[in-house]
Amino acid sequence: MLRPSRAQIVRNWIRKPLVAIALCISAGPADAVVIVLDFEGLADFEPVQSFYSGGLGGFGSGPGPNFGIGFSANSLALIDGDAGGSGNFGGEPSPDTVLFFLGGTAATMNVAAGFTTGFSFFYTAINNPGSVSVYSGLNATGAILATLPLPLTPTGGAPDPTGQFSPLLPIGVAFAGIAMSVDFAGVVDQIGFDNITFGSATPGNGNGVIPEPATLTLLGIGLAGIGLTRLRRRKR
């Protein structure tokens, strides 16, 4: 599963340089700005909380950049086991931290000022599919502006074969209107997200580069037969 061992919840205070990116790609309104959330700077298993609204994560990491973005209480950061964390994933676009959730049916993200044009991210889900819905209101309310089904993804692939939930694949969607919240849905501990990108239907890769749309071909076939793999590194 995506969940780290409970013994590491408070202990793994792995600090990473903050590389969340705000790219001003033209002078103009807010929807001309592309923002990428890569979750670096948060500790293993730390609730994201108000880290991206200029506040702190649940363990006190931060303050993060003030993008006016908040996350539901079940939205957690998880660090790759290869970097000293407890996640059993790999091939993340910007090492070494991803977003996942343990309670409820979805992690919810609120964007107080709203965003337009497009929305994109990388994800991994080797056992159970997921979905993402973009809403016109806060807390997954109002009209649904876009919905993305998230098929199963490959497992144990390069460039990080030591993580079974590997690699993370890019996906995105364009939409009309002003969005204010997003639901990242799936089975708890079985789906992870990274490089959440606002203002573009193509996700950023963590260093300021927006990949070409051709790279968004989704490998949806996956390896659904590996039902016993879990998105965590077991402590033996």
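Notes on the structure follow.

About the criteria used
- Residue indices follow the written sequence of each chain, beginning from 1 at its first position.
- Note on the predicted model: pLDDT of at least 70 is required for a residue's local features to be given, and 80 or more for side-chain atom pairs to be given and counted; whole-chain, interface and lining totals, by contrast, use all residues.
- Hydrogens and water are ignored here; the side-chain numbers use all heavy atoms of the structure.
- Nine residue types can take part in a nonpolar core, namely buried Ala, Val, Leu, Ile, Met, Phe, Trp, Tyr and Cys, and a core is a set of them joined through side-chain atoms within 4.5 Å.
- When accessible area is computed with a 1.4 Å probe and restricted to protein chains, residues below 20% of their type maximum are described as buried, those above 50% as exposed, and intermediate ones as partly exposed.
- Helix numbers and strand numbers start at the N terminus; a helix is a DSSP run of H or I with at least 4 residues, a strand a run of E with at least 2.
- In what follows, a contact means two residues having at least one pair of non-hydrogen atoms within 4.5 Å.
- Only strands joined by at least two bridges in the DSSP assignment are considered to pair.
- Lines are fitted to the C-alpha atoms to define the axes, a helix being fitted only along its stretch in contact, and any angle between axes, read from their N-to-C directions, falls within 0 to 180 degrees.

1. Structural notes on the nonpolar core
- In this structure, L37, M109, F119, F121, F184, I196 and F198 are the most contacted members of the largest nonpolar core, which totals 35 residues.
- By residue number, the principal contributor to this core is strand β6 (residues 106–115), which donates four residues.
- What I196 contacts, discounting residues up to four positions off in sequence, is I35, V36, L37, F39, L99, M109, F119, S120, F121 and F184.
- Membership of the second largest hydrophobic core comes to ten residues, among which are L78, F89, F100 and F122.

2. Regarding the environment of D80
- Looking at where D80 falls in the secondary structure, it is placed in the loop between β4 (75–79) and β5 (97–101).
- In sequence terms D80 and G90 are ten residues apart; their C-alpha atoms lie 6.8 Å from each other.
- Residues within four places of D80 in sequence aside, it is in contact with G85, G87, F89, G90, E92, D96 and D160.

3. Comments concerning the pairing of β4
- Burial analysis of β4 places five of its five residues in the buried class, which makes it a mostly covered element.
- Every second residue of β4 is oriented toward a common face, with S75, A77 and I79 on one face and L76 and L78 on the other, all of them buried.
- Where β4 and β5 come together, five bridges link them in antiparallel fashion. Residue S75 lies in a different strand from β5, and its bridge partner there is F101.

4. Some points on the side chain of D183
- Inspection of the secondary structure puts D183 in strand β11 (residues 179–185).
- Given the relative accessible area of 16%, D183 is considered buried.

5. Brief notes about the pairing of β5
- Within β5, five of the five residues are buried, which leaves the element mostly enclosed by the surrounding structure.
- Side chains T97, L99 and F101 of β5 all project onto a buried face; the interleaved residues V98 and F100 project onto the opposite face, where all are buried too.

6. Let's talk about the sheet that holds strand β8 (residues 130–137)
- On the basis of which strands lie adjacent, the open sheet formed by five strands has the order β3-β6-β11-β8-β9 and antiparallel pairing. Taken across any chain shown, the strands that pair with only one partner, and hence form the sheet edges, are β3 (69–71) and β9 (141–150). This sheet shows a mean twist of 20° between the axes of neighbouring strands, independent of strand direction.
- The pairing of β8 with β9 spans seven bridges and is antiparallel. Among the inter-strand pairings, V134 is bridged to a residue of β9, identified as A146.

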